Amino acid sequence: MAVVFDKPHALSPVPFHYCPGCTHGIVHRLVAEAIDSLGIEGDTIGIAPVGCSVFAYNYFECDMIEAAHGRAPAVATGVKRTNPDKIVFTYQGDGDLAAIGTAETVHAVTRGENITIIFINNAIYGMTGGQMAPTTLPGQVTTTSPYGRNPIVQGNPIRVCEMLSTLDGLAFAQRVAVDTPAHVNQAKKAIEKAFKNQIEKKGLSIVEVLSTCPTNWGMTPGDALQWMRDNMMPYYPLGVYKDVDAK
Amino acid sequence: MSNKVLMKGNEALAEAAIRNGCIYFFGYPITPQTELAEYMAKRLPKVNGVCLQAESEVAAINMVLGAASSGVRAMTSSSSPGISLKSEGISYMVGSDLPCLICNVQRGGPGLGGIQPAQQDYLQATKANGHGDLHLFVVAPASVQEMVSLVGRAFDVADTYRVPAMILADGALGQMMEPVDFDAALSERRELPEKTWATNGHGGKRKKNIVNSLFINPDELEKSVLERYQRYAKIEENEVLYEETMVEDADIVIVAYGITSRICKSAIEMARAEGIKVGLVRPITLWPYPKAALAKAAETAKHFLVVELNMGQMVDDVKVATNCRRPVSFFGRTGGMLPTAEDVLAEIRKINGGIR
Amino acid sequence: MTTEILLAGFGGQGILFAGKQLAKTAMHEDKCVSWLPSYGPEMRGGSANCSVIISDKEIGSPIINRPDVLIAFNLPSFDKFESKIKSGGILIANSTLISTKSTRDDINAYYIPATQMASENGLEGGANVIILGYFLKLTKLFDYDKFVDLMVAGIPATKTKLIENNKKALKLGYDYN
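The structure reproduced in this document is the subject of the present report. For clarity, every value in this text was computed on a predicted model and none was experimentally measured. (Residues numbered from 1 in each chain as written. Chains lettered and ligands numbered in written order. Predicted model: local features only at pLDDT ≥ 70, side-chain atom pairs only at ≥ 80, totals over all residues. Heavy atoms only, no water.)

1. Describing the packing of helix 5 (residues 144-153) of chain C against helix 6 (residues 160-175) of chain C
Residue and element names in this part refer to chain C. Here helix 5 crosses helix 6 at 155°, and the two axes come no closer than 10 Å. It follows that helix 5 is roughly antiparallel to helix 6 by the angle criterion. Of the two elements, helix 5 crosses helix 6, and the hand of that crossing is right-handed. Only Ile 163, Asn 166, Lys 167, Leu 170, Lys 171 and Tyr 174 of helix 6 make contact with helix 5, whose side of the interface consists of Tyr 144, Phe 147, Val 148, Met 151 and Val 152. In terms of residue class, the contact of helix 5 with helix 6 is built from 8 nonpolar, 1 polar and 2 charged. (Axes fitted to C-alpha atoms, helices over the stretch in contact; angles between N-to-C directions. Helix = DSSP H or I, 4+ residues; strand = E, 2+ residues; numbered from the N terminus. Parallel < 35°, antiparallel > 145°, perpendicular 65-115°, else oblique. Left-handed = near helix turned anticlockwise from the far one by under 90°. Contact = heavy atoms within 4.5 Å. Nonpolar A, V, L, I, M, F, W, Y, C, P; charged D, E, K, R; others polar.)

2. Points about the pattern of salt bridges
Per the counting criterion, the structure on display carries 46 salt bridges over all chains. Across the salt bridge formed by Glu 35 of chain B and Lys 8 of chain B, the nearest N and O atoms sit 3.3 Å from each other. On the criterion of sequence distance, the pair formed by Glu 35 of chain B in helix 2 (residues 34-43) and Lys 8 of chain B in strand 1 (residues 5-8) is long-range, its members being 27 residues apart. Since its relative accessible area comes to 15%, Glu 35 of chain B is described here as buried. Across the salt bridge formed by Glu 243 of chain B and Lys 265 of chain B, the nearest N and O atoms sit 3.1 Å from each other. Pair noted here: Glu 243 of chain B is in strand 10 (residues 242-245) and Lys 265 of chain B is in helix 10 (residues 258-273), with a separation of 22 residues, a long-range link. By relative accessible area, which is 24% here, Glu 243 of chain B ends up partly exposed. Residues participating in the shared-partner salt-bridge network are Lys 193, Lys 196, Glu 200, Lys 202, Asp 243 and Asp 245 of chain A. (Salt bridge = Lys/Arg side-chain N within 4 Å of Asp/Glu carboxyl O. Buried < 20%, exposed > 50% of the residue type's maximum accessible area, 1.4 Å probe, protein only.)

3. Focus on the interface of chain B and chain C
Residue-level contacts link 27 residues of chain B with 22 residues of chain C. Taken together, the connections running from chain B to chain C amount to 2 salt bridges. Measuring nitrogen to oxygen at the nearest pair gives 3.0 Å for the salt bridge that ties Glu 269 of chain B to Lys 57 of chain C. Among the elements that make up the side of chain B that touches chain C, the one with the highest residue count is helix 10 of chain B (6 residues). Across the side of chain B that touches chain C, the residue classes break down as 13 nonpolar, 7 polar and 7 charged.

4. Regarding the sheet that holds strand 13 (residues 285-287) of chain B
Residue and element names in this part refer to chain B. With mixed pairing, the 7 strands of this open sheet are ordered in space as 3-2-4-5-7-6-13. Each edge of the open sheet is held by one strand with a lone partner, namely strand 3 (50-53) and strand 13. Across this sheet, the average inter-strand angle for adjacent strands is 20°, counted without regard to direction. Note: strand 5 (residues 100-106) against strand 7 (residues 164-170), 7 bridges, orientation parallel. Within strand 7, the position partnered with Leu 101 by the bridge is Ala 165. (Pairing = 2+ DSSP bridges.)

5. Considering the interface of chain B and chain A
On the chain A side, the residues contacting the 33 residues of chain B number 36 residues. Carbon and sulfur atoms supply 58% of the area that chain B and chain A bury against each other, a total of about 2500 Å² over both sides. Of all residues in chain B, the largest losses of buried area upon contact with chain A belong to Glu 55, His 202 and Lys 208 of chain B, amounting jointly to 22% of the total for that side. Here Arg 111 of chain A makes a salt bridge to Glu 55 of chain B, at a shortest N to O gap of 2.8 Å. Elements that contribute at least two residues to the side of chain B that touches chain A include exactly strand 2 (24-27), strand 3, helix 3 (57-69), helix 4 (80-95) and strand 9 (210-211) of chain B. Among the residues forming the side of chain B that touches chain A, the class breakdown is 16 nonpolar, 13 polar and 4 charged. Across 2 bridges, the pairing between strand 2 (residues 63-66) of chain A and strand 9 of chain B is parallel. Residue pairing for strand 9 of chain B: Met 64 of chain A is matched across the bridge by Ile 210 of chain B. (Buried area = accessible area lost by both parts, 1.4 Å probe.)

6. Describing the nonpolar core
Nonpolar side chains tend toward joint burial in soluble globular proteins. Counting 147 residues, the largest nonpolar core has Ile 47 and Ile 206 of chain A together with Met 75, Ile 254, Phe 304 and Ile 348 of chain B as the members making the most contacts within it. For this core, the element with the highest residue contribution is helix 6 (residues 144-161) of chain B, accounting for 10 residues. In this structure, Ile 254 of chain B is in contact with Cys 264, Ile 268, Val 278, Gly 279, Leu 280, Val 281, Leu 305, Val 307, Val 344 and Ile 348 of chain B, ignoring residues within four places of it in sequence. Ranked by size, the runner-up nonpolar core spans 41 residues in total, among them Leu 6 of chain B together with Cys 50, Ala 127 and Tyr 134 of chain C. (Core = buried A, V, L, I, M, F, W, Y, C linked by side-chain atoms within 4.5 Å.)

7. What about helix 4 of chain B?
Each α-helix winds once per 3.6 residues, and so residues spaced three or four apart point in a common direction. All names here are of chain B. In this model, helix 4 (16 residues) spans 22 Å end to end at C-alpha, consistent with the 22 Å of a helix rising 1.5 Å per residue. Of all 16 residues in helix 4, 12 are buried; the element is thus mostly enclosed. Buried residues of helix 4: Ser 80, Gly 82, Ile 83, Lys 86, Ser 87, Gly 89, Ile 90, Ser 91, Tyr 92, Met 93, Val 94 and Gly 95, and no others. Residues of helix 4 that are buried in the fold lie against helix 3, strand 4 (74-78), strand 5, helix 5 (122-127), strand 7 and helix 9 (218-238). (Expected span 1.5 Å × (residues − 1).)

8. Things to note about the packing of aromatic side chains
In the structure shown here, the tally under the stated rule is 16 aromatic pairs over all chains. Centroid distance Tyr 229 of chain B to Tyr 232 of chain B: 4.7 Å. Interplanar angle 70°. Geometry classified as edge-to-face. Here Tyr 229 of chain B pairs with Tyr 232 of chain B, and both are found in helix 9, just 3 residues apart, close to one helical turn. Residue classification places Tyr 232 of chain B among the buried positions, given a relative accessible area of 1%. Joined through ring pairs, the aromatic side chains of Phe 60, Phe 89, Tyr 91 and Phe 195 of chain A make up one cluster. When the ring centre of Tyr 235 of chain A is taken as origin, the NZ or CZ atom of Arg 159 of chain A, which lies over that ring, is 3.9 Å away. (Phe/Tyr/Trp six-rings, centres within 6.5 Å; stacked < 30°, edge-to-face > 60°. Lys NZ or Arg CZ within 6 Å of the ring centre and 35° of its normal.)

Printed below as a string of structure tokens:
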């Protein structure tokens with residue numbers, strides 16, 4: 001019988017712990033597919049964050065390191081600087097990358113560390129149970145912005161791709177989503193490119209994936225996808241923010 | 001003429017690290033340790049190493065974590081306030097069983113404190129350099145030569161037992177120059193275990209490795225801590241270092257480490273000239289602590305005097321090691337002030353008056 | 001025998017360099033030696049000092065409280081440390097910048113207008129080495145030629161002008177009466 005669908009080799013044969021409807025699973029698969037298609041599993045070291053994807057070290061078949069909250073880009077720097085020919089990626093959420101780890105992120109980018117960052121933006125802290133994230137939208141209700149995020153009180157959200165694109169060390173930044181088959185295909189291409197750039201030693205590549213958190217948003221998976229389209233996409237437009245190849 | 005060179009403690013330590021195979025350094029400038037990073041910045045590119053000035057102390061220790069995960073010898077250095085910042089990463093490295101070298105060239109505290117020599121991080125270094133049950137292998141050099149000779153020891157112990165090691169120095173040792181003989185420091189080598197746990201790409205030849213300090217199930221976490229404490233027990237059994245000076249006949253035994261032990265040696269010489277029988281136990285490893293040596297000294301000594309550049313952080317360790325069999329006095333200066341040998345001598349005379 | 005030498009002056013007067021020359025020479029004579037500088041923001045245009053201890057036996061404290069020799073390069077250093085010199089000790093003062101004289105009768109005080117001598121001889125910044133020369137003559141702590149050799153060895157051979165100037169400065173100080 002012909003196999004028409006299979007698990008990528010780089011994805012471990014274990015069940016995910018993610019909530020139903022969570023988009024982490026799709027993104028994990030896309031990362032694993034990229035590793036498979038580039039044939040780099042044996043040369044790859046992944047860095048897991050703190051947050052919902054904290055167990056990512058169990059889900060990829062390459063060597064994995066679990067970093068402290070926000071420190072993944074610094075850990076990745078240490079790995080890459082001692083193994084310049086290996087492939088190093090971090091997988092981070094919004095709180096990890098854009099709040100507690102902002103400094104590590106910005107400086108890894110500006111140094112042009114030749115690594116790949118997969119950034120999951122779902123506008124909320126998932127693991128700790130729905131607190132305000134640096135990317136929580138104005139007006140969005142979370143457990144720590146129970147009356148809706150008020151920029152005067154809680155500050156404004158950060159647009160990560162836009163911010164990082166001002167830095168010279170960045171090779172590639174694209175914001176994608178995984179809400180439709182077309183968008184998933186686009187995301188797959190972006191993630192592959194982000195790894196390929198590293199193989200070709202172009203510098204730091206980041207792919208920001210707009211994601212949902214049905215559990216903490218308090219929505220069905222379908223409603224969550226629609227909420228993301230209606231609310232997040234206008235604030236965080238999809239697209240390529242930087243591409244050194246485009247010049 | 002021997003192979004001696006005149007070097008600053010900070011620079012000599014850096015050179016010793018390189019000679020012990022550490023060519024990866026991640027740090028952040030802070031007085032009084034900066035020469036160490038500067039030396040690395042100059043030398044490491046010439047030996048195909050990496051010296052990276054991180055964006056923060058926090059990032060620096062996490063870069064060390066990443067490098068150590070690759071199985072290489074890596075180090076960072078800082079001074080007191082910077083070490084506090086590194087505590088997070090140090091705890092993660094302990095939890096991930098990663099060897100590395102952390103150098104603390106202590107300055108006065110708390111807070112921003114000052115920049116003059118201090119030993120105010122003793123408790124932090126020996127008891128709680130981060131959250132969780134943890135220990136580092138902590139050595140306290142007392143000379144520039146020891147800044148060199150203890151580097152190899154620290155890396156070897158770190159690699160043998162998969163624990164971070166710390167060199168607890170101070171501003172005086174970091175800044176002062178003394179003759180150093182690098183060849184003499186390299187004499188003893190030990191067989192080190194292969195780093196089969198390293199995350200440097202499995203290459204399709206082995207199962208994947210995971211470097212991790214997360215154990216969400218408490219029974220697993222407990223098991224991992226207990227296993228680590230078995231290694232700690234071996235370190236306590238095998239890796240204690242100390243120096244004794246004229247302890248056998250001493251009525252008063254001074255306990256002092258690092259730069260302070262030298263001031264005490266000068267004081268002991270003066271006291272002996274006056275006929276007061278004083279000796280010195282100098283802990284070289286602060287963790288593991290030389291408990292047995294102190295217990296033995298307590299059999300013959302009448303009084304202990306702890307001298308430190310802090311408010312008496314080591315006193316309890318001496319009391320515990322000697323089982324409170326003898327009185328333990330304390331003398332110290334803090335905040336970056338150093339006592340003179342005469343100051344210590346005055347304390348010795350005071351105690352001696354009491355003994356008689 | 002142990003000799004404790006305290007060198008003190010403004011940052012930029014070459015205090016640390018001068019101290020290092022003494023320490024290096026002592027090391028090459030297989031003496032025990034320690035060199036401890038002041039450090040930190042006070043070095044930025046403020047006062048700088050360094051403690052050099054030379055001994056036949058292991059050195060205990062590297063800190064000098066009562067120097068055998070004080071080399072004072074400026075007035076604040078003279079004011080701060082002159083009273084600390086051991087009885088029977090030596091003061092060497094840069095009289096260009098130190099107008100007062102020691103009133104102590106239990107020390108041997110020597111004065112040399114080193115800064116003035118340096119500028120008169122086109123040796124700007126060479127006052128430290130001039131004083132070293134004078135120190136060598138007064139203390140006879142080291143052989144002059146050996147000291148010169150070691151000092152020159154520490155300067156890159158391509159810097160011929162610098163080597164010449166340092167030799168000249170040392171000689172000026174050594175010959176000063």
